[in-house]
Amino acid sequence: MIFTAALTGALIAISFSAPPGPVTLETVRRGVRGGFGPALHVQLGSILGDLLWCCVALLGLAPLAQVAWLRGALAVAGVLVLVYLGVLGIRDALKAPGVPTVEATRSRDGAFRSGIFISMANPMAVGYWLSVGGALIGAGAIGASTAQTVWFVAGFAGGTLVWAFAMAFAVRWSKRIMTPAIFRLVNLVCGMALLLFSVTLASQMLGPLN
């Protein structure tokens, strides 16, 4: 039972982390500029947010996320964060003279915070845990005992950590083939995609008001 709970947590972590989204885009944007460290810090920051929503679901607090003003606040925060990061990406694409050196980008300021903010203000994460978390609890896959729940969370944390390092290494490797033109293109694409995510999120937020 313990092994099954841990394996379930790890598989849920991969299925949650693998689809491309704002965290992946920010990881790539930070990574092509600063390398392994900033990319990893974005991923580690996002893990804290993921674990928060995971624990909210396991503690039975998920119905709180159905409160209109709380969901609205999360949506507004998510839109603002994505717009800010998208603008930064486009700015880097337009202003950066070339591929920064590792020495010039050694500072990881903001990367960890970006990961946290994106993850915690992501209403999609709320919806994911409202559905998947509730289904797992209802099926008895988690929540049947304290040990089972602890091992599920441990498996989830382990899975997200493996994914975080894999993403950071992949982005670090990509810097070997990075040219100034590709660097600008990556920043531009990531910035525009983040803005697109913000528009999509805003439309979903305003939809119920119409």
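Up top is the structure.
Before going into details, it helps to say that this report is about the structure given with it. (Residues numbered from 1 in each chain as written. Predicted model: local features only at pLDDT ≥ 70, side-chain atom pairs only at ≥ 80, totals over all residues. Heavy atoms only, no water.)

## What about the side chain of Ser 46?
To keep things clear, this is the line we draw: In DSSP terms, a helix is any run of H or I states spanning at least four residues, a strand is any run of E spanning at least two, and both are numbered starting from the N terminus. Working definition: with a 1.4 Å probe on protein chains only, accessible area under 20% of the residue-type maximum means buried, over 50% means exposed, and in between means partly exposed. By definition, residues are in contact when any of their heavy atoms lie within 4.5 Å.
Assignment of secondary structure puts Ser 46 in helix H3 (residues 36–58). Assessed through its relative accessible area of 4%, Ser 46 is described here as buried. Not counting chain neighbours up to four residues away, the residues in contact with Ser 46 comprise Val 23, Gly 115, Ile 116 and Ser 119.

## A closer look at the packing of aromatic side chains
Selection rule: In this analysis, rings of Phe, Tyr and Trp, with Trp reduced to its six-membered ring, are considered paired at centre separations within 6.5 Å, and the interplanar angle assigns stacked below 30 degrees, edge-to-face beyond 60, and tilted for intermediate values.
Going through the model one piece at a time under the given rule, you end up with two aromatic pairs. For the pair Phe 36 and Phe 165, a centre-to-centre distance of 6.3 Å together with 40° between the ring planes defines the contact as tilted. Within this pair, whereas Phe 36 is found in helix H3, its partner Phe 165 is found in helix H7 (residues 146–174), the two being separated by 129 residues in sequence. Classification of Phe 36 by relative accessible area gives partly exposed; the value is 25%. Here Phe 165 falls in the partly exposed class, since its relative accessible area comes to 35%.

## Topic: the nonpolar core
The line we're drawing: As used in this record, nonpolar core signifies buried Ala, Val, Leu, Ile, Met, Phe, Trp, Tyr and Cys residues forming a set joined through side-chain atoms within 4.5 Å.
Leu 85, Ile 118 and Leu 194 are the most contacted members of the largest nonpolar core, which has 14 residues in total. Elements with a contribution of two residues or more to this core: helix H2 (22–34), helix H4 (68–95), helix H5 (111–120) and helix H8 (180–206). What Ile 118 contacts, discounting residues up to four positions off in sequence, is Pro 22, Val 23, Glu 26, Val 81 and Leu 85.

## Focus: H2
How we decide: Expected span of a helix, by definition, is 1.5 Å for each gap between consecutive residues, and there is one gap fewer than residues.
Relative to the 18 Å expected for 13 residues at 1.5 Å per residue, H2 spans 18 Å between its end C-alpha atoms, a close match to the ideal helical length. Across the 13 residues that make up H2, a large majority, eleven, are buried. Looking only at H2, the buried set comprises Pro 22, Val 23, Thr 24, Leu 25, Glu 26, Thr 27, Arg 29, Arg 30, Gly 31, Val 32 and Gly 34. Where H2 ends, the next residue or the one after it, Gly 35, has phi of about 95°, a positive value.

## Notes on the environment of Pro 180
Within the element layout of this structure, Pro 180 appears in helix H8. Separated by 87 residues in the primary sequence, Pro 180 and Ala 93 have C-alpha atoms spaced 9.7 Å apart.

## A short note on helix H1 (residues 2–17)
Short version of the rule: Of all possible arcs, the one meant is that of the directions from the helix axis to the C-beta atoms.
In a regular helix each residue adds 1.5 Å, so 16 residues correspond to 22 Å; H1 covers 23 Å between its end C-alpha atoms and thus fits that length. Every buried residue of H1 is accounted for by Ala 5, Ala 6, Thr 8, Gly 9, Ile 12, Ala 13, Phe 16 and Ser 17. What you see down the axis of H1 is that its buried residues fit within an arc of 160°, all on one side. Those residues of H1 that are exposed and angled more than 90 degrees off the buried face are Phe 3 and Leu 11.

## Examining the pattern of salt bridges
The following threshold applies: Think of a salt bridge as a Lys or Arg side-chain nitrogen and an Asp or Glu carboxyl oxygen that are within 4 Å of each other.
Scanning the model with the defined rule gives two salt bridges in all. For Arg 29, the salt bridge is made with Glu 26, and the minimal N-O distance between the two is 3.0 Å. Taken together, the residues Arg 29 and Glu 26, both in helix H2 and three residues apart, mark about one turn of the helix. Given the relative accessible area of 0%, Glu 26 is considered buried. Across the pair Arg 30 and Glu 26 runs a salt bridge, and its minimum N-O distance is 2.8 Å.

What is shown is where atoms sit, not what they do.
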